[in-house]
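# Fold and contact review
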Amino acid sequence: MEDRGISIKICSFNSLIKGLLISTVLSFLFHSGISFVYNYLLESILLLISLTILCFLIFRINIKCDEISDRIDVFSKTIAFDFQYSQPKFFNLLRFFRPLNPYIGALGTILALLFVFLAVPALIIYLAIHPNPPGTSLKIGAFFLSTGIGILYYFFNKDKFPSLADKVMFFTGILLGPVGVFEIIS
């Protein structure tokens, strides 16, 4: 009986630590990221948008030209044996980038997520309190973002928190993590 009680306490403590870790790391990243984007608002937003568009454009061109090149290869090898086609140098260059295509797509997705999670809150804070310093609003935005992502983590991993004590400890960790980060930062 006593071993089961210790096991439940350790499991609840693990849930608290998991919630603290998730919310602490996210609130620190959001606070520093949003403050960076807020300080360099125009440059950072334009840079994020342009890099995202560039990555997805390269990704799209690579997929389309790669598909065209493959069709030409299949056509020349199966249907028209005497078909002589010299591929442009552009297709050869894209064949070099073929192994990098998944990474380019992932980089574009990460940049788009950075834009959504950093630039949009920075714009909202800028529009809400432009002449005033962003201190409290920045903390509130980071708190809501980290808490929201922590709650999403809970809903996608409900089976990892079987008891009520685990759930309470996880949500306690989620709510205490940003408070600790903001006390250390300020």
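What counts, and where the lines are drawn
- Residues numbered from 1 in each chain as written.
- Predicted model: local features only at pLDDT ≥ 70, side-chain atom pairs only at ≥ 80, totals over all residues.
- Heavy atoms only, no water.
- Helix = DSSP H or I, 4+ residues; strand = E, 2+ residues; numbered from the N terminus.
- Expected span 1.5 Å × (residues − 1).
- Buried < 20%, exposed > 50% of the residue type's maximum accessible area, 1.4 Å probe, protein only.
- Axes fitted to C-alpha atoms, helices over the stretch in contact; angles between N-to-C directions.
- Left-handed = near helix turned anticlockwise from the far one by under 90°.
- Contact = heavy atoms within 4.5 Å.
- Nonpolar A, V, L, I, M, F, W, Y, C, P; charged D, E, K, R; others polar.
- Phe/Tyr/Trp six-rings, centres within 6.5 Å; stacked < 30°, edge-to-face > 60°.
- Core = buried A, V, L, I, M, F, W, Y, C linked by side-chain atoms within 4.5 Å.
- 1 Å grid on protein atoms, 1.4 Å probe; cavity = no way out; pocket = protein on both sides within 12 Å on 5 of 7 lines; lining within 4 Å.
- Points joined across faces, edges and corners; volume = space filled by probe spheres on them.

## Here's the deal with helix H5 (residues 135-156)
- Here H5 contains 22 residues, and its C-alpha end-to-end distance of 32 Å stays within 8% of the 32 Å for a straight helix at 1.5 Å per residue.
- Looking at H5, one finds that the buried residues are Leu138, Gly141, Ala142, Leu145, Ser146, Thr147, Gly150 and Tyr154.

## Observations regarding the packing of helix H4 (residues 101-129) against H5
- Contact geometry of H4 with H5 gives a least axis separation of 10 Å together with a crossing angle of 145°. H5 is crossed by H4, and the crossing has right-handed handedness. Taking contact as the criterion, the partners of Phe117, Pro121, Ile125 and Ile129 in H4 are, on H5, Ser137, Leu138, Leu145 and Ile149.
- Counted by class, the contact of H4 with H5 contains seven nonpolar, one polar and no charged residues.

## Topic: the packing of aromatic side chains
- Considering all chains together, one arrives at eleven aromatic pairs under this definition.
- With a centroid separation of 5.7 Å and an interplanar angle of 40°, the aromatic rings of Tyr154 and Phe161 are classed as tilted.
- Given the relative accessible area of 9%, Tyr154 is considered buried.
- The class of Phe161 is buried, set by a relative accessible area of 1%.
- These aromatic residues form a ring-pair network of at least three members: Tyr153, Tyr154, Phe155, Phe161, Phe170 and Phe171.

## Observations concerning the nonpolar core
- In this structure, Phe30, Ile34, Val37, Ala122, Ile125 and Phe170 are the most contacted members of the largest nonpolar core, which totals 26 residues.
- If one sorts the elements of this core by residue count, H4 sits on top with seven residues.
- The contact partners of Phe30, leaving out residues within four places of it in the chain, are Phe117, Leu118, Ala142, Leu145, Ser146 and Ile149.

## Regarding the environment of Phe28
- With respect to the element layout, Phe28 can be found in helix H1 (residues 2-39).
- Between the C-alpha atom of Phe28 and that of Phe182, which follows or precedes it by 154 residues, the distance is 8.2 Å.

## Some words on the layout of surface pockets
- Counted as a void, the largest pocket has a volume near 170 Å³.
- Leu26, Leu29, Phe30, Ser32, Gly33, Ile110, Leu113, Leu114, Phe117, Leu118 and Ile149 are the residues that line the largest pocket.
- When residues of the lining of the largest pocket are traced back to their parent elements, those giving at least two are H1 and H4.

Functional significance is not addressed by these values, which are geometric in nature.
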